[in-house]
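# A structural walkthrough
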Amino acid sequence: MLKRVAVVAGLSAGLLGGLAVPAAAAPPAYSTTTLHFAVTGQDGQPCDVVADAYVPNGLSASNTAPAILTTNGFGGSKDDLKPVADMFTQRGYVVLAYSGLGFGGSGCRISFDTPNPDGRAASRLVDYLGGAAGAAYLDAAHTRPAPVLNVVTKDSSAHDGRPHAHDPRVGMVGGSYGGQIQFAAAATDPRIDAIAPMVTWNDLSYSLSPNNTGQTTGVSTHNPGAPKINWDSSLALAGIMSGVTNADVDPMRLTGCPNYPPQICTALAQAVTTGVMDESVRARLRAGSVASYLNRIRIPTLLIQGQTDTLFNINEALATYRGLQANGIDTKMIWMSGGHSALPEPGDYVEKAPNATTQYTAGRIAGWMDHYLLGSSASTGPQFSYYRSWVGYSGNAAPAYASADTVDVGTPSTYRLSGNDGLAAPGGPVQAGLARFTTPPFGLPTNHDAPDALGLINVPENDIPGTFAQWSSPALTSSLDVVGSPKVTLRVRTTVGANVPAVQQLVLFYRVEDVDASGHATTVGNLVAPARIADPTKPFTVTMPAFAHRFDPGHRLRLVISGGSTNYRGGQSALPVAISAGAGQTVTLPVVAG
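Residues numbered from 1 in each chain as written. Predicted model: local features only at pLDDT ≥ 70, side-chain atom pairs only at ≥ 80, totals over all residues. Heavy atoms only, no water.

## Observations regarding the overall build of the chain
If you tally the helices and strands in the chain, you get 10 helices and 25 strands. Taking 25 Å as the expected radius of gyration for a compact globule of 594 residues, we find that the chain reaches 24 Å, a close match to that expectation. Taken along its principal axes, the extent of the C-alpha atoms in the chain is 80 × 55 × 50 Å. For the chain, the proportion of its 594 residues judged to be buried stands at 58%. (Helix = DSSP H or I, 4+ residues; strand = E, 2+ residues; numbered from the N terminus. Rg over C-alpha atoms; globule rule 2.2 N^0.38 Å. Buried < 20%, exposed > 50% of the residue type's maximum accessible area, 1.4 Å probe, protein only.)

## Considering unusual backbone geometry
Working note: non-glycine residues mostly have negative phi, and peptide bonds are mostly trans. With an omega of 20°, the peptide bond running from Asn-116 to Pro-117 counts as cis. Mapped onto the elements of the fold, Pro-117 is located in helix H3 (residues 115-129). You will see that Phe-112, though not glycine, has its phi angle at about 60°, which is positive. Overall, Phe-112 belongs to the buried group, its relative accessible area being 14%. Positive phi values are uncommon outside glycine, yet Val-199 reaches one of about 35°. Its place among the elements puts Val-199 in the loop between strand S6 (192-198) and helix H5 (204-208).

## Section: the packing of aromatic side chains
Tallied over the full model, the rule gives 16 aromatic pairs. When the ring of Phe-37 is compared with that of Tyr-128, the centres are 5.7 Å apart and the planes differ by 80°; the resulting orientation is edge-to-face. Here Phe-37, found in strand S1 (residues 30-40), pairs with Tyr-128, found in helix H3; they are 91 residues apart in sequence, far enough to count as distant. Aromatic side chains Trp-335 and Phe-384 sit 4.9 Å apart centroid to centroid with 75° between the ring planes, which places their arrangement in the edge-to-face category. With Trp-335 in strand S8 (residues 331-336) and Phe-384 in strand S9 (residues 384-387), this pair connects stretches of sequence that are 49 residues apart. Take Trp-335: its relative accessible area is 0%, and that puts it in the buried class. (Phe/Tyr/Trp six-rings, centres within 6.5 Å; stacked < 30°, edge-to-face > 60°.)

## What about the pairing of strand S16 (residues 487-490)?
Of the two faces of S16, the one lined by Val-488 and Leu-490 is fully buried and the one lined by Lys-487 and Thr-489 carries no buried residue. Direction of pairing for S16 relative to strand S21 (residues 540-543): antiparallel, over a ladder of four bridges. Residue pairing across strands places Lys-487 opposite Thr-543, the latter belonging to S21. Of the pairings in the sheet, the one linking S16 to strand S25 (residues 586-592) comprises three bridges and is antiparallel in character. Bridged to Val-488 within S25 is Val-587. (Pairing = 2+ DSSP bridges.)

## Let's talk about the sheet that holds strand S7 (residues 301-306)
The 10 strands lie next to each other as S1-S2-S4-S3-S5-S6-S7-S8-S9-S10, forming an open sheet whose pairing is mixed. The sheet terminates laterally at S1 and strand S10 (401-404), the two strands that pair on one side only. Ignoring strand direction, the axes of neighbouring strands in this sheet form an average angle of 20°. This element, helix H9 (residues 314-326), spans S7 and S8 of the sheet and lies at about 170° to S8. (Axes fitted to C-alpha atoms, helices over the stretch in contact; angles between N-to-C directions. Contact = heavy atoms within 4.5 Å.)

## Regarding H3
Where burial is concerned, most of H3 is hidden: 12 out of the 15 residues are buried. Among the residues trailing H3, Gly-131 stands out with phi positive, at a value near 90°.

## Regarding the state of the cysteines
For the coordinates displayed, the defined rule picks out one disulfide. Here Cys-47 connects covalently by a disulfide to Cys-108, the sulfurs 1.7 Å from one another. Between Cys-47 and Cys-108, the S-S torsion sits near -80°, and that sign places the bridge as left-handed. In this pair, Cys-47 sits in strand S2 (residues 46-56) while Cys-108 sits in the loop between strand S4 (94-98) and H3, placing the two residues 61 residues apart along the sequence. Here the two residues Cys-47 and Cys-108 agree in accessibility, since each one is buried. (Disulfide = S-S within 2.5 Å.)

## Examining the environment of Pro-429
Its place among the elements puts Pro-429 in the loop between strand S12 (422-424) and strand S13 (434-438). Judged by its relative accessible area of 72%, Pro-429 falls in the exposed class. Taking the C-alpha atoms as reference points, Pro-429 and Ala-122, 307 residues apart in sequence, are found 59 Å from one another. Setting aside residues up to four positions removed in sequence, Pro-429 forms contacts with Ser-418 and Ala-424.

## Quick word on the sheet that holds S13
The strand order across the open sheet built from three strands is S13-S24-S17, with neighbouring strands paired in antiparallel fashion. Each edge of the sheet is formed by a strand with only one pairing partner; in this case those strands are S13 and strand S17 (492-493). Examined bridge by bridge, S17 and strand S24 (residues 576-580) share two bridges and lie antiparallel to one another. Bridge pairing in S24 places Arg-493 opposite Ala-578.

## Considerations on the environment of Tyr-360
Mapped onto the secondary structure, Tyr-360 falls in helix H10 (residues 360-374). Spatially, the C-alpha atoms of Tyr-360 and Tyr-387 are 10.0 Å apart, while their sequence positions differ by 27 residues.

## Considering the pattern of salt bridges
Here the structure, examined in full by the defined rule, presents 17 salt bridges. Among the salt bridges present, the one from Asp-160 reaches Arg-162, with a minimum N-O distance of 3.4 Å. Residue Asp-160 is classed as partly exposed on the basis of its relative accessible area of 33%. Taking the relative accessible area as the measure of exposure, Arg-162 reaches 52% and is therefore exposed. Connected via shared salt-bridge partners are Arg-124, Asp-127, Asp-189 and Arg-191. (Salt bridge = Lys/Arg side-chain N within 4 Å of Asp/Glu carboxyl O.)

## Considerations on the pairing of S13
Side-chain alternation along S13 places Ala-435 and Phe-437 on a buried face and Leu-434, Arg-436 and Thr-438 on a face that remains uncovered. The sheet contact formed by S13 and S24 spans five bridges and is antiparallel. In the strand pairing of S24, Thr-438 is matched with Pro-576.

## Some thoughts on the nonpolar core
One finds Phe-37, Leu-69, Leu-96, Tyr-128, Leu-129 and Trp-335 to be the most contacted residues of the largest nonpolar core, which totals 60 residues. Residues in contact with Leu-129, not counting those within four places in the same chain, are Ala-67, Leu-69, Val-94, Leu-96, Leu-149, Val-152, Pro-168 and Val-170. Among the nonpolar cores identified, the runner-up in size contains 38 residues, and Leu-559, Ile-561, Ala-581 and Val-587 belong to it. (Core = buried A, V, L, I, M, F, W, Y, C linked by side-chain atoms within 4.5 Å.)

## What to know about the confidence of the model for the chain
Summing up the model confidence of the chain, the mean pLDDT is 91 and the portion of residues at 70 or higher is 93%. Here residues 455-459 is a poorly scored stretch, pLDDT under 50, and it has 15 contacts once near neighbours within four places are set aside; other chains count. (pLDDT = per-residue confidence, 0-100.)

## Quick notes on the packing of H3 against helix H4 (residues 177-188)
As a packed pair, H3 and H4 sit with axes 8 Å apart at the nearest point and diverge in direction by 85°. Classed by the angle they form, the pair H3 and H4 counts as roughly perpendicular. Contacts between H3 and H4 involve Pro-115, Asp-118, Gly-119, Arg-120 and Ala-122 from the former and Tyr-177, Ile-181, Ala-184, Ala-185 and Thr-188 from the latter. Of the residues contributing to the contact of H3 with H4, the split by class is six nonpolar, two polar and two charged. (Parallel < 35°, antiparallel > 145°, perpendicular 65-115°, else oblique. Nonpolar A, V, L, I, M, F, W, Y, C, P; charged D, E, K, R; others polar.)

This is the structure:
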């Protein structure tokens, strides 16, 4: 479910190609049927959606079971979902796995998991699970109707409190692109009963061009951020390659901006050249994201976000979580190991072989569905749980997880800028000082950090002198556990004022480093917080991506602010920056007692 971009998938396939072929497995205890669905894409275009239905042996009209609906990650297809189908069919569920619009044999262009058309397309598959006649076909031309499915348990009413025709007991699972579709489908179709979105976004305009200051609601901002050059390029390539690979399905989608709405190619080109994503495209991305329709999600939601994820960071899931909680929706949160930037740890979640018994996160997902779809009395787990990489275990990763009844587990601990490069610990003395640097022109990178979208993490930064400033704490005398979003509040001095166009504004990049006793520095989670500052004449706060990390005794905490980044398109102009130490210049960390 954590589908990577095509280049990474290709590398993985090459590595796996040299492994011995395993012995033949026992035949599956289910039947599989490939189906086709007639749906409507953007601008009313007719589309074919291809899916595989997995039906456990022994089910009948008098012996029914609930269903799981699932779809692929970006660049993937229904074929990637067989391991998930295996896990749930073994638990007695019917599973319907499909290729989303624009991917893996399904037609039409990519539409970014919007309620219309993506949510409406999913709703057509719910019709089939509910026993509707004529919902599915055995051919892509939609000339041979598939037999009616009569083995899925039915509900007498949906989550809007009303009876609906063809209402199956159904939940949705999936990650990344296959996570956001769950929101789009649930907002469209009240017959869906529970969802478990993994490693997905809250506001896609933030995901692709984040601004970590001036946030209005959740992660959303009025002011544009800094485009993610490597992620944006890799995702664009993955979408185009998916269209080319399946060109025979829908040749017309390769015209113009291949496999995308035409505005997307224009916006990406503009973002790379100017550093600012077009506002109309940002608005379109936000309007199609769950941030814009949270009040339409009315069903139990288990949110799972990765701690090692530079594409969709934890702040996105926190924004969704807080919104659902405020609306009174039964919502729980897991911060799992891994994410788009690294595979989950053993015993947590294995994408190619999920196992509810031996893997913590897989077990939580299965338990969530069992509770809401099977009516199981088993617990759905703690309100909040987070993976601690510093806790050893063998087998199931459960011992490495801590739990709490709130996501706000950390107590604020405020460090202050001191001198030219120091961080004064809470209660410690502060010295006067001044740090100066200059941002590069034309958004050029000023460091040599690991490129995003290739799954590389924990690589030391190497900044060009004169383009950054840093402040380090004294060596820690005991371990420091940080769980949550650090906040940096500053006033800076530069030559650009307020009320200038976004392309002329100051753009800075913030990161937290763990510096060991030998001086080796590692950016925590490889997480960087861009900030496009609309008014640098006033203090501002940067909300950095959340993480769970232990700083060991003898290590130092370091804040780095740079004018450029390998992974982002920075500001257009070279600007001098001066940052003083003293009152109000702070870094606040959410600290959990060890």
